[in-house]
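A closer look at the structure
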Amino acid sequence: MKVYHNPRCGKSREAVSLLEKKKIKHEIYLYLKEGLTQAEIKDLLKKLKMEPMDLIRQNEKDYKENFAGKKMTDAGLIKAIVKYPKLLQRPIVVKGHKAIVARPADLLKDFLK
């Protein structure tokens, strides 16, 4: 299991804590530090069964200042996430060929069943 984690985010910490309490082996990926590639984002979208706009945190300052109100293609949105990883919804938990935006943490409980 892999967690795309932002340690400053309460929901992200909550998801990691849940995995630790359940003693579920997982890998933490600090995407803000390590970065994301277009291929990684496309893979996440496939596993999440989501569109790129669904992964965008539209209330983020970077989104409001650079992209709000602009018509963007899916490719453009993916490039935006690569350039501004804070735009990525979090936390994302990947298990095999499936993934979930574990917000709220109760969604993660269902995902783990």
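The present account deals with the structure reproduced in this document. Only a predicted model underlies this, so the values are computations on that prediction, with no experimental measurement involved.

Our next topic: the overall build of the protein. When helices and strands are tallied, the protein shows 6 helices and 4 strands. Reading the secondary structure of the protein in the N-to-C direction produces β-α-β-α-α-α-α-β-β-α. Taken over the C-alpha trace, the protein has a radius of gyration of 14 Å; the compact-globule value for 113 residues is 13 Å, and the two agree within 12%. Structurally, the protein occupies a C-alpha span of about 45 × 25 × 25 Å along its principal axes. Across the 113 residues in the protein, those meeting the buried criterion constitute 42%. Carbon and sulfur atoms provide 49% of the accessible area of the protein, an area that totals close to 7000 Å². Here the protein carries 27 positive and 14 negative side-chain charges, and the mean point of each set is 2 Å from the other.

Okay, the environment of methionine 53 next. Residue placement: methionine 53 occurs in the loop between α3 (38-48) and α4 (61-66). We classify methionine 53 as partly exposed; its relative accessible area is 28%. Sequence separation between methionine 53 and phenylalanine 67 is 14 residues; the distance between their C-alpha atoms is 11 Å. Beyond its immediate sequence surroundings of up to four residues, methionine 53 is in contact with Gln58, Tyr63 and Leu77.

A sheet is described by the order of its strands in space; here 4 strands give the open sequence β2-β1-β3-β4, paired in mixed fashion. Every interior strand has two partners, whereas the edge strands, β2 (27-29) and β4 (98-101), have only one. Shown here is a sheet whose adjacent strand axes are inclined to one another by a mean of 20°, direction ignored. When strand β1 (residues 2-4) meets β2, the two strands line up parallel, connected through 3 bridges. Following the sheet pairing, tyrosine 4 is matched in β2 by tyrosine 29.

Criteria and thresholds
Residues numbered from 1 in each chain as written. Predicted model: local features only at pLDDT ≥ 70, side-chain atom pairs only at ≥ 80, totals over all residues. Heavy atoms only, no water. Helix = DSSP H or I, 4+ residues; strand = E, 2+ residues; numbered from the N terminus. Rg over C-alpha atoms; globule rule 2.2 N^0.38 Å. Buried < 20%, exposed > 50% of the residue type's maximum accessible area, 1.4 Å probe, protein only. Areas by Shrake-Rupley, 256 points an atom, 1.4 Å probe, with all protein chains shown as cover. Lys, Arg positive; Asp, Glu negative; His and termini not counted. Charge placed at Lys NZ, Arg CZ, Asp CG, Glu CD. Contact = heavy atoms within 4.5 Å. Pairing = 2+ DSSP bridges. Axes fitted to C-alpha atoms, helices over the stretch in contact; angles between N-to-C directions.

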